[in-house]
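# Analysis of the macromolecular model
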Amino acid sequence: MRPDARKADQLRPVTMRRGFIGHAEGSVLIEMGNTKVICTATIEENVPPFLKDTGRGWITAEYSMLPRSTQSRSTREAKTGKIGGRTHEIQRMIGRALRSVVNMSQMGERTVLIDCDVIQADGGTRTASITGAFVCMVDALRFAEKNGIIRRFPLREYLAATSVGVVDGQLRLDLCYEEDRHADVDMNVVMTASNRYVEIQGCAEGMPFPRQTVNELLDLAASGIMQLIDIQRQVLENEPLPGN
């Protein structure tokens, strides 16, 4: 029995509220079970130095957790004066994921800055951030297209992410925190609508696991990600993307 009585291959309830932040070019509040993340997208008319005079754009991300997003209060990273290794890792993962489905040469020399702020955490904050960030990025890029900021809509296809793992000998989809901390195997998977992998993060928390388990976990993750992409399509009112 899972802590929330779900089936092993069942996602937590997912909702996405677009336009959650009125000032941003794109925004969404994504809720996956008890995990809640506010994602916003901001368009800036500049690029990192290594992209100067290339005509190419950039997508980057920042990630943070509010002090009481967890069961006990955590210290704000701004107070310590440095960003932790986990935060760096997640920020880079979100940015890599989103860049994988965007044609940077069609953006011009501008940046889409994604902010993912966890207001309540119950496992899967990085995968929820990627799934929600995709939706707010679509809105921001459509805003840019409609307002003549970019000439062509640069997005190639849909993208989402989920977690899978082995808990008490059972393969499970979309782990909550209680499952994540007791998992024998823990994996985060990012995929596109065309069933192509963007990133796979996985490790054994105890005994090593066989290749067959990897294959089974990837199949389970793919089924969950396709469900999430269906939800994204509904939230975006079946926003047409090239090739979709």
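Definitions and limits used
- Residues numbered from 1 in each chain as written.
- Predicted model: local features only at pLDDT ≥ 70, side-chain atom pairs only at ≥ 80, totals over all residues.
- Heavy atoms only, no water.
- Core = buried A, V, L, I, M, F, W, Y, C linked by side-chain atoms within 4.5 Å.
- Buried < 20%, exposed > 50% of the residue type's maximum accessible area, 1.4 Å probe, protein only.
- Helix = DSSP H or I, 4+ residues; strand = E, 2+ residues; numbered from the N terminus.
- Contact = heavy atoms within 4.5 Å.
- Pairing = 2+ DSSP bridges.
- Axes fitted to C-alpha atoms, helices over the stretch in contact; angles between N-to-C directions.

### Comments concerning the nonpolar core
- If you look at the biggest cluster of nonpolar residues, it comprises 63 residues, and the most contacted ones within it are Ile59, Ile94, Leu98, Ile114, Phe134, Met137 and Leu155.
- Tallying contributions element by element places helix α3 (residues 125–146) first for this core, with 11 residues.
- The residues touching leucine 98, leaving out its near neighbours within four places in the chain, are Ile59, Ile114, Ile130, Ala133, Phe134, Met137 and Leu159.

### Considering the sheet that holds strand β9 (residues 197–204)
- The sheet built from four strands is open, its strands ordered β7-β6-β8-β9 with antiparallel pairing. Lying at the two open borders of the sheet, with one neighbouring strand each, are β7 (170–173) and β9. Taking the axes of each pair of neighbouring strands and ignoring which way they run, one obtains an average angle of 15 degrees across the sheet.
- When strand β6 (residues 159–167) meets strand β8 (residues 185–192), the two strands line up antiparallel, connected through eight bridges. For alanine 160, the partnering residue across the bridge sits in β8 and is methionine 191.
- Packing of helix α5 (residues 211–235) onto the sheet brings it into contact with β6, β7, β8 and β9, and relative to β6 it is tilted by some 140 degrees.

### Thoughts on the sheet that holds strand β4 (residues 58–65)
- Read across the open sheet, the five strands follow the order β1-β2-β3-β5-β4; overall the sheet is mixed. With partners counted over all chains shown, the strands left at the sheet margins are β1 (14–18) and β4, one partner each. On average, each strand axis in the sheet is tilted by 20 degrees relative to the strand beside it, whichever way the strands run.
- Here strand β2 (residues 26–32) runs beside strand β3 (residues 35–44); their pairing, made up of seven bridges, is antiparallel.

### Points about unusual backbone geometry
- Phi angles above zero are rare outside glycine, and alanine 5 is one such case at about 65 degrees.
- Here alanine 5 shows up in the segment before β1.
- In this structure, aspartate 168 is a non-glycine residue whose phi angle is positive, near 55 degrees.
- Within the fold, aspartate 168 resides in the loop between β6 and β7.

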